[in-house]
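Spelled out from the first residue to the last, the chains are:
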Amino acid sequence: MPAVWMVASSFVFATMGVCVKYAAEHFNSAELVFYRGVLGIFFMAAYARATGTSLRTRVPAMHAWRSVIGVMSLSAWFYAIAHLPLATAMTLNYMSSVWIAAFLVGGSILLGRPSQRGASQGPLVLAIVASFAGVVMLLRPAMDQNQTFAGIIGLLSGLGAAFAYMQVMAISRLGEPETRTVFYFAVGTAVAGALGMLVTGISPWHWQHALWLPPLGILASLGQLAMTKAYSMSSTSDSHGGTLMVANLQYSGIVFAALYSLILFGDNIPLVGWAGMALIIVSAIVATVLRANAAPNVPAEEH
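Let me sum up the structure you'll find in this document. For clarity, every value in this text was computed on a predicted model and none was experimentally measured.

1. Remarks on the overall build of the chain
Along the chain, the regular secondary structure elements total 13 helices and zero strands. Along the chain, from the amino end to the carboxyl end, the secondary structure elements read α-α-α-α-α-α-α-α-α-α-α-α-α. For the chain, buried positions account for 50% of its 303 residues. Counted over contacts in the chain with a minimum sequence separation of 6, partners at least 24 positions apart contribute 90%.

2. Some thoughts on the packing of aromatic side chains
Per the stated rule, a full pass over the model turns up 11 aromatic pairs. A network of ring pairs unites the aromatic residues Phe27, Phe34, Tyr35 and Trp205 as a single cluster. Geometry around Phe265 places Lys21 over its ring, the cationic atom sitting 5.7 Å from the centre. Across the ring face of Phe185, the terminal group of Arg66 is positioned such that the distance to the ring centre comes to 4.1 Å.

3. A word on the pattern of salt bridges
When the charged atoms of two side chains with opposite charge come close together, those side chains can pair. Scanning the entire structure with this criterion turns up one salt bridge. Glu176 is the salt-bridge partner of Arg180, the closest N and O atoms lying 2.5 Å from each other.

4. Focus on the environment of Thr51
By the secondary structure assignment, Thr51 is in helix H2 (residues 29-51). Sequence-wise, Thr51 and Thr179 are 128 residues apart; in three dimensions their C-alpha atoms are separated by 9.5 Å. A polar contact is formed between the side chain of Thr51 and the backbone oxygen of Tyr47, at a distance of 2.9 Å.

Definitions and limits used
- Residues numbered from 1 in each chain as written.
- Predicted model: local features only at pLDDT ≥ 70, side-chain atom pairs only at ≥ 80, totals over all residues.
- Heavy atoms only, no water.
- Helix = DSSP H or I, 4+ residues; strand = E, 2+ residues; numbered from the N terminus.
- Buried < 20%, exposed > 50% of the residue type's maximum accessible area, 1.4 Å probe, protein only.
- Contact = heavy atoms within 4.5 Å.
- Phe/Tyr/Trp six-rings, centres within 6.5 Å; stacked < 30°, edge-to-face > 60°.
- Lys NZ or Arg CZ within 6 Å of the ring centre and 35° of its normal.
- Salt bridge = Lys/Arg side-chain N within 4 Å of Asp/Glu carboxyl O.
- Polar contact = N/O pair within 3.5 Å; in protein donor to acceptor, adjacent residues only side chain to side chain.

Here it is in structure tokens:
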């Protein structure tokens, strides 16, 4: 069941990406961020009420900082989805695991501290290098199609997601339930989106176009809840291997996005792009397994 929940979560996130891509034809990124946040607020408030989870927090500043980082990453991701093939944008965002592994390696090198568990960091470094080689292969077609800027923004969305994830880890260690964390992220998203709309303006409203907006917040919340369910069920099984399997199944979202790219959008990704995507997936899985030795029992990643 944990595996089923994780695959379902990945499918939901990929489907949300489809809605973003269609909605981006009629609304700017600030509007998409705003509507995603507003709908997420109502959905998560209702879920918290149904589960009896209090939304009162003792660490509002940490939630605010997590929201700032998360909104920057989310905005970059939405921009990448609008201007790149969906599979490419999803893959770049899912590189957060590789970025976290890079932070772990870089931190231990700067501090002069070897792995606490005595394991060599050589395989982890190789996974990181291989992943960035995959990025070069994946973005090569984008450069040929004058999409270099969008590719860089997509890469930064994964970097921002890694920073946000580390903040979520810190909040989780203080005993904050993930429902509360997701709720306050939705609040921060709505506020940031509203501020952005003051600069970018509001697009003309047509109800046919607006039909793509409700799924943004609903699917994002459902995907996060399904991911949380998968991790919570795997953690209660006392199986470290089971937890790692569930963590790695999140990359099935890239497969779903690739299918959407081919079927719905007819995206033309050459063979070198697909090879780069495969290399990133394998490297991210390896990095997830290896980094688990350095940061065990961490909460779910968000997308």
